[in-house]
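Structural description and commentary
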Amino acid sequence: MPGEHNNKTFPASVIEMMSAGGSTVTCLPVKLDEDDSWQSAVFFRLGGHESQADINLLSHQQSALSVGIETDLIEHANATVVMLRLQLFTRPDDPLVGEVLITPGGAETHYEILTLLSAQQTLTWFLSDQEFQIIHQQRQPLSDDWRQEFLDLRDEAFKRDTLLRLSGNYSAQTAFAEVVSHYALRS
């Protein structure tokens, strides 16, 4: 799988979602070609002059690169937001970094992302250029500890959001917008 890039693009639904939201990285449920089951996968879109060195490197990469995943639970007054900080070490001292924000209590797909991550054995990463052409993909094993982490994040967020609903304060959109407002594009 590392180094595979035979002029395929991201699935149309992923392109549409990323384009509509202006995102450069996401994690979404997809059916992979190898089997007929659903899995959550990472989609990273690179573009602009600041990404050209990474695009060149990934276009010729024949092996899997080191990855990192950090998680956090953001307890906003209106909803719980799960943050996945994804890193791909194209360069040891300057990895590609993207953060995916998930509101498992507010969107069925977001709940499903964490549910799938808590059950699947591997996580597939797809990286594309600006035109969504896949330039590299690789698969990372998920340990029992990671699967448990995703399950714990999902369950904790869902429990907390249930209490917010009961108190009448729940709004996933408000929490998501507030968290996103603190982000800025790298210049």
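Above this text sits the structure in question.
Predicted model, so just to flag it, every value in this text is computed and none were measured.

Conventions used here
Residues numbered from 1 in each chain as written. Predicted model: local features only at pLDDT ≥ 70, side-chain atom pairs only at ≥ 80, totals over all residues. Heavy atoms only, no water. Helix = DSSP H or I, 4+ residues; strand = E, 2+ residues; numbered from the N terminus. Rg over C-alpha atoms; globule rule 2.2 N^0.38 Å. Contact = heavy atoms within 4.5 Å. Core = buried A, V, L, I, M, F, W, Y, C linked by side-chain atoms within 4.5 Å. Buried < 20%, exposed > 50% of the residue type's maximum accessible area, 1.4 Å probe, protein only. Pairing = 2+ DSSP bridges. Axes fitted to C-alpha atoms, helices over the stretch in contact; angles between N-to-C directions.

Helix and strand counts for the protein stand at 5 helices and 7 strands. When the helices and strands of the protein are listed from N to C terminus, the series reads α-β-β-α-β-β-β-α-β-β-α-α. The C-alpha radius of gyration computed for the protein amounts to 17 Å, which stays within 12% of the reference 16 Å derived for 187 residues, consistent with globular compactness. Put simply, 60% of the contacts in the protein that link residues at least 6 apart link residues at least 24 apart.

Grouped together as the largest cluster of nonpolar side chains are 38 residues, with contacts concentrated most on Phe43, Phe44, Leu86, Leu117, Trp125 and Leu127. Those residues in contact with leucine 117 that sit more than four places away from it in its chain are Cys27, Ser40, Leu84, Leu123, Leu142, Arg147 and Phe150. Counting residues in each nonpolar core, the second largest holds 9 residues, with Ala79, Met83, Leu101 and Ala172 among its members.

In this section: the environment of glutamate 131. As for its placement among the helices and strands, glutamate 131 is situated in the loop between β6 (122-128) and β7 (134-141). With 47 residues separating them along the chain, glutamate 131 and leucine 84 place their C-alpha atoms 24 Å apart.

What follows is about the sheet that holds strand β1 (residues 25-31). The sheet built from 4 strands is open, its strands ordered β1-β2-β6-β7 with mixed pairing. In the strand order of this sheet, the two ends are held by β1 and β7, each with one partner. The sheet shows a mean angle of 25 degrees between the axes of neighbouring strands, direction not considered. Sheet topology places strand β2 (residues 38-45) next to β6; 5 bridges connect them, and they run parallel. Of the residues in β6, the one forming a bridge with arginine 45 is serine 128. Those strands touched by helix α3 (residues 108-117) are β1, β2 and β6, and its axis lies near 75 degrees from that of β1.

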